[in-house]
Amino acid sequence: VQAGLSSSSALVVAWMQALARVADQELTPLELARWANRVEVAHFGAPGGHMDHVASALGGTLRIHSDWNVERLDRSVDGVWVVVDSGKSKDTSGHLTRCKSDRLALVTKHGGQWCAPEELSTWDELTDEEQNMWRATWENQRLEAIAAKNWSDHPDVPKWMTEHHAQLRDGLGLSTPQLERLGEAAMSAGAMGWKVVGSGGGGCGLAWVPDRHAPQVHEAVR
């Protein structure tokens, strides 16, 4: 609970599936995800998105778009993914609200579309905090696109995951000292990549670890 592992969304998806079966209704996985999102997010005007509901309903490794289009990403993962709980609860709604509302206001004020920092004519008008936020958002989009394009076999995908974490940390303030210590311990023990998961600000991180280093990483983060 409050660890960034979609516990609330998974529970809503399971409950909606149970209700559908009691009512003798057949829902496709994507229909189930849409209903769960409507129940948990839309009905309450919550700041979250639909990624957790789609991931819980469909399973597997997915690329989830804002228009509900979903791509399956096939890869025989080299090594294992180790989930590490920092033990610190997080203000999920608060972080999502800040990251969503602040960035929407920023992009609306400056043209309505994200672009590379060097292409933004009003760049010098942004405060340091706004520049960090803009740069992080642009870099996250770039890293996501290149990782998805090269997901199946590129050896640098774990490295891009770590770069993504750096943007979430430095541009959006979504890491914590504890998560940083855990990440440093994991990487020093042989992990290939590390990032915070969920809305950040606490909760869990994810280490991408070669099989041979899994025991050392496990011990290091403990």
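Use the structure listed above.
Notes on the structure in this doc start here.

The rules behind these values
- Residues numbered from 1 in each chain as written.
- Predicted model: local features only at pLDDT ≥ 70, side-chain atom pairs only at ≥ 80, totals over all residues.
- Heavy atoms only, no water.
- Helix = DSSP H or I, 4+ residues; strand = E, 2+ residues; numbered from the N terminus.
- Rg over C-alpha atoms; globule rule 2.2 N^0.38 Å.
- Buried < 20%, exposed > 50% of the residue type's maximum accessible area, 1.4 Å probe, protein only.
- Contact = heavy atoms within 4.5 Å.
- Areas by Shrake-Rupley, 256 points an atom, 1.4 Å probe, with all protein chains shown as cover.
- Core = buried A, V, L, I, M, F, W, Y, C linked by side-chain atoms within 4.5 Å.
- Salt bridge = Lys/Arg side-chain N within 4 Å of Asp/Glu carboxyl O.
- Arc of directions from axis to C-beta.
- Phe/Tyr/Trp six-rings, centres within 6.5 Å; stacked < 30°, edge-to-face > 60°.
- Pairing = 2+ DSSP bridges.

### Section: the overall build of the protein chain
- Counting its regular elements, the protein chain contains eight helices and five strands.
- Taken over the C-alpha trace, the protein chain has a radius of gyration of 19 Å; the compact-globule value for 222 residues is 17 Å, and the two agree within 12%.
- Judged by the C-alpha coordinates and their principal axes, the protein chain covers about 55 × 50 × 35 Å.
- Within the protein chain, the fraction of its 222 residues that count as buried is 41%.
- Contacts spanning at least 24 positions in sequence make up 59% of the contacts within the protein chain whose residues lie at least 6 apart.
- Entry remark: accessible area of the protein chain is about 12600 Å², with carbon and sulfur atoms responsible for 52%.

### What to know about the nonpolar core
- Grouped together as the largest cluster of nonpolar side chains are 27 residues, with contacts concentrated most on Trp-134, Leu-172, Ala-186, Trp-194, Ala-207 and Val-217.
- Where this core is concerned, the elements lending two or more residues are β3 (80-85), α4 (92-109), α5 (128-149), α7 (177-188), β4 (193-196), β5 (204-209) and α8 (214-221).
- Listed in part, the twelve residues of the second largest apolar core include Ala-3, Leu-143, Cys-204 and Leu-206.

### Points about the pattern of salt bridges
- Summed over all chains, the structure comprises six salt bridges.
- When the shortest N-O distance is used, the salt bridge between Glu-180 and Arg-169 registers 3.1 Å. Of this pair, Glu-180 sits in helix α7 while Arg-169 sits in helix α6 (residues 157-170), and the two are eleven residues apart along the sequence.
- Sharing partners across several salt bridges, the network here consists of Arg-63, Glu-71 and Glu-144.

### Section: helix α3 (residues 51-58)
- Taken as a whole, α3 has its buried residues at His-53, Val-54 and Ala-57. Axial view of α3: buried residues confined to an arc of 95°, hence all on one face.
- Tucked into the core, α3 has its buried residues touching α1 (7-22), α2 (29-42), β1 (62-64) and β2 (70-72).
- Looking one or two places after α3, you find Gly-59, whose phi comes out positive at around 75°.

### Section: the packing of aromatic side chains
- Applying the stated criterion across every chain, the model contains four aromatic pairs.
- Consider the rings of Trp-81 and Trp-208, whose centres lie 5.5 Å apart with planes at 85°: the pair is edge-to-face. Here Trp-81 is found in strand β3, whereas its partner Trp-208 is found in strand β5, with 127 residues between them in sequence.
- Trp-81 sits in the partly exposed class, given a relative accessible area of 36%.
- Pairing Trp-114 with Trp-134 gives two aromatic rings, centres 4.5 Å apart and planes at 65°, and the pair type is edge-to-face.

### Quick word on the pairing of β5
- The buried fraction of β5 amounts to six of the six residues, a majority that puts the element mostly inside the structure.
- Pairing analysis gives six bridges linking β3 to β5, with the strands arranged antiparallel. Bridging from a neighbouring strand, Asp-85 pairs with Cys-204 of β5.
- With four bridges joining them, β4 and β5 adopt antiparallel strand pairing. When the bridges of β5 are listed, Gly-193 appears paired with Trp-208.

### Observations concerning the environment of Leu-104
- Following the sequence through the fold, Leu-104 ends up in helix α4.
- The class for Leu-104 is partly exposed, based on a relative accessible area of 48%.
- Each C-alpha atom of the pair Leu-104 and His-213 lies 41 Å from the other, and the pair is 109 residues apart in sequence.

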